[in-house]
Amino acid sequence: MPAMSRTVSEATSVIHSRWLGEVNVDPECTLLFPAGLPGFEELRIFVPVEIPAHRPLVYLQSPDDPEICFVALPVYVIDSDFRLQLSDEDRSILQLPEGCDPVVGDDVLCLALLRRSGPTAEANPEAAVVINLHNRIGIQCVPPGDAPQRFRRLAPGGWTTAC
């Protein structure tokens, strides 16, 4: 693995990611997460990285901590019945216009973060990372405290529900 640096300034155009190697950063493509991501609230900027040979995977690399890189898939890859549900607070953070529902793919990008589950991976589309494509502001829409977690596990032949 390449040598790692702990921070990247705004003027730096390369991240030395432990996971992805050297990542060129276009400041026009960085994503702002005003509240960070759950468990990583101190990290507010992420760089989306797409590697053509790994499509449809999307990597969210932190420029401030090269050790932190999330792996995600568009939610429709995991759950073709996905329906975006945003709270008023989510809409406010994303700076979405009042009174209209954003269109996934046109107005917002919805990603499900992957996590290791034994020899495979699982994701919770209900806790999607939602990115406003018009201003590059993102949040993770975490279900309310008592909402059941509905994960999907990658199994041979596709995604299956895992409770």
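One can find the structure itself at the top, above this paragraph.
Notes on the structure in this doc start here. These numbers were taken from a predicted model, which means no experiment stands behind them.

**Re the pairing of strand E6 (residues 69-74)**
Logical step 1: Where strand E5 (residues 58-61) meets E6, four bridges bridge the pair, whose relative direction is antiparallel. Looking at E6, one finds that tyrosine 59 is bridged to valine 71.

**Here's the deal with the nonpolar core**
Logical step 1: By size, the foremost hydrophobic cluster in this structure holds 16 residues, and its most contacted members are Val75, Leu86, Leu94, Cys110 and Val130.
Logical step 2: Contributions of two or more residues to this core are made by helix H1 (75-78), strand E7 (108-117) and strand E10 (137-140).
Logical step 3: Ignoring any residue separated from it by four or fewer positions in sequence, one finds cysteine 110 in contact with Leu73, Pro74, Val75, Phe82, Leu84, Val104, Val129 and Val130.
Logical step 4: Formed by 14 residues, the second largest nonpolar core is a distinct cluster that contains Phe46, Val58, Phe70 and Leu113.

**Looking at the pairing of strand E1 (residues 14-17)**
Logical step 1: Residues Ile15 and Ser17 line the buried face of E1, whereas the alternating positions Val14 and His16 sit on a face that is not buried.
Logical step 2: Pairing of E1 with strand E2 (residues 21-24), which is carried by four bridges, proceeds in the antiparallel orientation. The partner of serine 17 across the bridge, within E2, is glycine 21.
Logical step 3: Between E1 and E2, which pair antiparallel in sequence order, lie three residues.

**Considerations on the packing of aromatic side chains**
Logical step 1: Scanning all chains against the criterion turns up four aromatic pairs.
Logical step 2: Aromatic pair phenylalanine 46 and phenylalanine 70: ring centres 5.8 Å apart, planes at 55 degrees, arrangement tilted. Taken together, the residues phenylalanine 46 in strand E4 (residues 45-49) and phenylalanine 70 in strand E6 connect sequence positions 24 residues apart.
Logical step 3: Linked through ring pairs, Phe33, Phe40, Phe46 and Phe70 together constitute an aromatic cluster.

Parameters at a glance
Here the residue index of a chain counts from 1 through its sequence in written order. Selection of residues for local features in this predicted model requires a pLDDT of at least 70, selection of side-chain atom pairs for listing and counting requires 80 or more, and totals for whole chains, interfaces and linings are taken over all residues. Side-chain metrics rest on all non-hydrogen atoms present in the structure, leaving aside hydrogens and water. DSSP-based pairing: two strands are paired if at least 2 bridges between them are found. Per the convention used, a helix needs a DSSP run of H or I reaching at least four residues, while a strand needs a run of E reaching at least two, with both numbered from the N terminus. By nonpolar core is meant a set of buried Ala, Val, Leu, Ile, Met, Phe, Trp, Tyr and Cys residues that side-chain atoms within 4.5 Å join together. Buried, partly exposed and exposed residues are distinguished by accessible area as a fraction of the type maximum, computed with a 1.4 Å probe on protein chains only: under 20%, between the cut-offs, and over 50%, respectively. Only heavy atoms enter the contact rule, under which two residues are in contact if any of them lie within 4.5 Å. Pairing of aromatic rings covers Phe, Tyr and Trp, the last counted by its six-membered ring, and requires centre-to-centre distances within 6.5 Å; plane angles under 30 degrees mean stacked, over 60 mean edge-to-face, and any other angle means tilted.

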